[in-house]
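Okay, here's what each chain looks like letter by letter:
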Amino acid sequence: MTKYDRIVDGIRYPLAIKDEILEAVKTFEVREDDVWLITYRKSGTTWAQEILIFLSCGCDLAKRDKIDITERISFLDLLKPGMTEFAHVTAAKKPSPRIMETHMQSRHMPREIITKKPKIVYVARNPKDIAVSFYYFHKSNKLIKTFETWDEYFQAFYDGDLVGGSWFDMNLYWWNRRNDDNVLFLKYEDMKEDLGSVIVKISEFIGWPVPEGKLEEVVQHCSFGNMKNNPKINYTESKMIDISISPFMRKGLVGDWKNYFTVSQNEAFDKLYEEKMKGSGLTFRFE
Ligand code: PPS
């Protein structure tokens with residue numbers, strides 16, 4: 001246990017996510033018409049979230065502008081200073097179709113996610129870029145620990161000992177469910193390469209169409225540059241994130257890890273990656 005977090009069933013959690021919340025979330029009532037966005041932190045959640053919100057309002061910018069993200073998205077692991085009602089309680093009162101979001105590992109997520117078969121969009125990102133993005137998130141997020149050095153942080157990431165637990169466990173769990181009818185497994189790197197195709201996939205999977213001739217506009221709306229400059233999306237107004245330390249929308253690149261991993265860290269991580277991913281068939285683009 002630290003000043004910020006503790007371990008529950010092998011997974012590190014911020015202290016503010018109390019045991020009773022974790023217990024209540026397990027029996028949270030999932031609806032068949034929910035859309036669930038599930039990710040390991042820093043995988044492109046906010047990006048996919050914006051695509052979902054935009055699609056859900058018919059890609060109408062005026063309608064989108066009126067939407068408050070925290071109202072539209074029910075984020076189960078939400079922590080906000082001064083929060084009076086926990087996310088699962090608020091979500092239970094929301095009308096369908098809800099857009100639900102979680103970073104929880106399988107052992108803590110609502111059990112009905114499996115039995116009710118809501119639509120699940122899972123976004124994965126290569127772990128090296130996640131490591132760097134998450135490092136800056138630890139620095140700027142006031143509710144989680146800041147590491148003194150990159151080396152100290154790297155070891156914790158390597159050990160799967162950060163808030164949210166092991167990247168390998170979570171990604172392999174959802175990869176093994178990728179062929180379920182209700183699961184769409186996406187990769188951040190593919191979104192970077194061809195965002196339009198991924199948007200079409202999401203749109204067809206959920207059944208929220210992109211109006212004829214509007215795809216380019218959706219791609220533009222969800223581009224890194226546009227999202228970085230939109231205060232409704234980029235967390236500049238958040239009390240939880242100190243953007244003077246690091247902006248939430250930081251670089252949005254594939255391959256930034258090369259500026260941080262030392263040669264020996266990279267070798268050690270590659271070895272671990274090979275062991276853990278062996279036989280899974282799950283691959284990532286790292287540059
Ligand atoms: S969180 O805190 O877990 O919800 O973070 P998450 O949103 O999953 O991930 C944040 C990283 O995603 C990048 N991002 C984008 N990249 C490319 N294009 C777009 N539109 C986009 N939107 C968000 C964001 O910049 C973070 O990555 P890094 O590498 O830190 O820049």
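What you see is a predicted model; the values in this text were computed from it and never measured.

So, about the pattern of salt bridges. Here the structure, examined in full by the defined rule, presents 16 salt bridges. Ionic pairing is found between arginine 250 and aspartate 256, a salt bridge with its closest N-O pair at 3.1 Å. A salt bridge links glutamate 275 to lysine 271, with the nearest nitrogen and oxygen atoms 3.9 Å apart. Here lysine 271 and glutamate 275 lie together in helix 14 (residues 263–277), a separation of four residues that amounts to about one turn. The same class applies to glutamate 275 and to lysine 271, which are both exposed. The structure contains a network of salt bridges with shared partners spanning Asp5, Arg12 and Asp161.

Among the 21 residues in the neighbourhood of the ligand, the closest are listed as Thr45, Thr46, Ser133, Lys251 and Gly252. The backbone of serine 43 places a nitrogen or oxygen atom 3.1 Å from an oxygen atom of the ligand. Contact between the ligand and arginine 250: an oxygen atom at 2.8 Å from a side-chain N or O atom of the residue. Across the complex, the protein chains shield 97% of the 650 Å² of accessible surface that the ligand would expose by itself. Ranked by residues supplied to the shell around the ligand, first place goes to helix 2 (residues 45–56) with three residues.

The rules behind the values
- Residues numbered from 1 in each chain as written.
- Predicted model: local features only at pLDDT ≥ 70, side-chain atom pairs only at ≥ 80, totals over all residues.
- Heavy atoms only, no water.
- Salt bridge = Lys/Arg side-chain N within 4 Å of Asp/Glu carboxyl O.
- Helix = DSSP H or I, 4+ residues; strand = E, 2+ residues; numbered from the N terminus.
- Buried < 20%, exposed > 50% of the residue type's maximum accessible area, 1.4 Å probe, protein only.
- Near = heavy atom within 4 Å.
- Polar contact = N/O pair within 3.5 Å; in protein donor to acceptor, adjacent residues only side chain to side chain.
- Areas by Shrake-Rupley, 256 points an atom, 1.4 Å probe, with all protein chains shown as cover.

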